[in-house]
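Okay, here's what each chain looks like letter by letter:
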Amino acid sequence: MDQLLIEGVTGKDSPVGVTETKFYTFDGITLESGEKLSPITVAYETYGNLNENKDNAILICHALTGDAHVAGVSKEDGKLGWWDFMIGPGRAFDTDKYFVICSNVIGGCKGSTGPSSINPETGVPYGMSFPVVTIKDMVNVQKRLIDYLGIKRLFCVAGGSMGGMQVLQWTYSYPECVYTAIPIATTIRHTPQQIAFNEVGRRAIMSDPEWLGGDYYGKSFPASGLVVARMIGHITYMSDQSMKEKFGRKRKKSEKYGYDFEAEFEVEKYLKYRGETFVQRFDANSYLYITKAIDYFDLGENRELIKFYDSRDLKFLVISFSHDWLYPPYQSKEIVKILKYAWVDVTYCEISSTYGHDAFLIQNEEQENLVRDFLKNAWQQKGKR
Amino acid sequence: MTKEISFDHSLIVEIIEEGSKILDLGCGNGELLRILMDKKKVKGVGIENDEEMIYACVKKGVTVEHFDIDEGLPDFPDDFFDYVILNFTLQETKKPKKVIKEALRVGRKVIVSFPNFAYYPVRFYIGFLGKTPQTKALPYRWDETPNLHYFTIKDFIEFCSRERIKIVSFIGFTENKKVNYLPNIFAEKAMFILERIN
């Protein structure tokens, strides 16, 4: 799986070439909580060219720990974008035809304003004085970026997991600004089980003595707390079957048990490794803020949503994965149900894959073909109108 | 559209009114829906349980959902569609009665087509050869067939009267023409248009 999951891969080429993260700073927005966040900087990358009509733009929304660097090789650190196999000339999101945009969410730590950013009023990082943000706030900030780029209507908004929530939020907040939407492995509202996993991760961070009430910048880092949070996360991203296939009961030394508490099983070592590499690239406070935003996500009551979406001029492709137990297929079917009650055009596919929730981040022909063919037909249909 | 339309598809094209709302249960590769979208400007949705077929539908630009129709259609309200189509699907379902009832609930009219198991070459296979029939409409060997139910035109008419389902019309046909004379013997396939009796 490691070879396939391209998170953090360096030394690989991409047909997209070398890419650079850009920044857009504006006066800020009033958040859903009522607080004002100002100013706001958004880190973003773009690939391909915006056409003359400015109607070929696709916005990719990233998941919990993603960033704006979705494709190509980063000029900064040589890393491959997190969804590189999906984006590029001739790929599912074909950069010969479409203008692809990806931005880092607010609350994050990859260039957009978040708890690790300097609060202009105090001159020190926000820490826990950073206001709580929601998925809706993230989308409102993306809208400002889209306005700035001169785009009135996105041809497509796409993303998996938390990215899928942003996709759904886009169609709800700005239905006239979206033509097609591709929510993948996601849900219309966060469930108690999903909230519970996030809360365990947050508690792990906050109970780390190095966390210092979130005010650890320049002093310490709650690494062990964040490692545990990431380990829990990773368990939910895999599946029982993929863990069996990948690790089995394999151990370091296969002859005898160690009879101690060293990371002995392959699965233990893997989670430890995943956790430890994660803390090098992610801010603990951002983990708190973003998981909270996800937990707050609830697009609305089904009946209201059906009324809201009634006969709207939108086209959906909803994708789920058979072994995803974090965002199981039934939650995608719920989205489909609402949309079809509203007579909105919705295609649904459950891709069989043993990988679990992470399947959408792993190169697979099925997802690529679905997205490519769906966009191709939608583009043709759009031309006819 | 240079490809020739199959006879069963052309029969359905004749039946469906322009701009109808259609649900195609077991829509396969989406060919029929594509034709109906192009020729009758229908608003169509397909349901299919075979993942490969979903990809084929999306490739054609046909709206499709990945479901098992044997589980019923709980996510569809009553009278949602003008027509629900079961084109050579019913014999492959586990619970044909349940599927028909659900189709009649969500659609105002239901089109059902199936291979007629009393077609005379089929009778010949069983009666004279003592073998499970393998014909154009029933092309599979017994151990490889996706068909779970074998029934005849007579069976189906009896089923409809038993279940209080109104038969609006009926067509018996072969590869390329309608059969009016003794259809339960001479029609290879049958197509019914059904309605609920309220």
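Residues numbered from 1 in each chain as written. Chains lettered and ligands numbered in written order. Predicted model: local features only at pLDDT ≥ 70, side-chain atom pairs only at ≥ 80, totals over all residues.

Concerning the overall build of chain A
Here's step 1: The secondary structure content of chain A amounts to 10 helices and 14 strands.
Here's step 2: Its C-alpha atoms give chain A a radius of gyration of 21 Å, near enough to 21 Å, the size a compact globule of 385 residues would have.
Here's step 3: With the C-alpha coordinates of chain A rotated into their principal frame, the extents come out at 70 × 50 × 45 Å.
Here's step 4: In chain A, buried positions account for 49% of the 385 residues. (Helix = DSSP H or I, 4+ residues; strand = E, 2+ residues; numbered from the N terminus. Rg over C-alpha atoms; globule rule 2.2 N^0.38 Å. Buried ≥ 20, exposed ≤ 12 C-beta atoms within 10 Å, placed from the backbone.)

Concerning the domain arrangement of chain A
All names here are of chain A.
Here's step 1: With domains assigned, chain A is organised as domain 1 (18-190 + 298-384) and domain 2 (195-292).
Here's step 2: Inter-centroid distance (C-alpha atoms) of domain 1 to domain 2 is 26 Å.
Here's step 3: Each side of the interface is counted separately: domain 1 has 24 residues, and domain 2 has 20 residues.
Here's step 4: Each residue belonging to the side of domain 1 that touches domain 2 can be placed in one class, and the counts come to 12 nonpolar, 11 polar and one charged. (Domains from an automatic or database assignment. Contact = placed C-beta atoms within 7 Å. Nonpolar A, V, L, I, M, F, W, Y, C, P; charged D, E, K, R; others polar.)

Some thoughts on the interface of chain A and chain B
Here's step 1: Across the boundary between the two partners, chain A contributes 18 residues, which contact 12 residues of chain B.
Here's step 2: Here the side of chain A that touches chain B gets seven residues from one element, more than from any other, and that element is helix H10 (residues 365-384) of chain A.
Here's step 3: Across the side of chain A that touches chain B, the residue classes break down as seven nonpolar, five polar and six charged.

Quick look at the confidence of the model for chain B
Residues and elements named next belong to chain B.
Here's step 1: Of the residues in chain B, 98% have a pLDDT of 70 or more, and the chain-wide mean is 94.
Here's step 2: Mean pLDDT across the elements of chain B bottoms out in helix H5 (residues 120-129) (94) and peaks in strand E4 (residues 81-87) (98).
Here's step 3: Per the prediction output, this complex has pTM 0.94; the corresponding ipTM is 0.90. (pLDDT = per-residue confidence, 0-100.)

Overview of the nonpolar core
Residues and elements named next belong to chain A.
Here's step 1: Residues Ile58, Val100, Leu154, Cys156 and Val157 are the most contacted members of the largest nonpolar core, which totals 155 residues.
Here's step 2: For this core, the element with the most residues is helix H7 (residues 284-296), which contributes seven residues.
Here's step 3: Apart from residues lying up to four places away in sequence, Val157 is in contact with Leu59, Cys61, Val167, Trp170, Val178 and Ala181. (Core = buried A, V, L, I, M, F, W, Y, C linked by C-beta atoms within 7 Å.)

Focus: the environment of B:Lys43
All names here are of chain B.
Here's step 1: If you trace the backbone, Lys43 turns up in strand E2 (residues 43-48).
Here's step 2: For Lys43 and Phe81, which are 38 residues apart along the polypeptide, the C-alpha to C-alpha distance reads 9.4 Å.
Here's step 3: Leave out the neighbours within four places in its chain, and Lys43 touches Lys21 and Ile22.

Considering unusual backbone geometry
Here's step 1: Here the amide bond leading from A:Ser38 into A:Pro39 is cis, since omega sits at -10°, within 30 degrees of zero.
Here's step 2: Tracing the backbone shows A:Pro39 in the loop between strand E4 (36-37) and strand E5 (40-47).
Here's step 3: Even without being a glycine, A:Trp343 presents a positive backbone phi close to 55°.
Here's step 4: Secondary-structure assignment places A:Trp343 in the loop between helix H9 (329-341) and strand E14 (345-351).
Here's step 5: A:Trp343 gets classed as partly exposed once you count the C-beta atoms within 10 Å, which come to 16.
Here's step 6: Even without glycine at this site, B:Phe88 takes up a positive phi of about 55°.
Here's step 7: Residue B:Phe88 is classed as partly exposed on the basis of its C-beta count, with 19 C-beta atoms lying within 10 Å.

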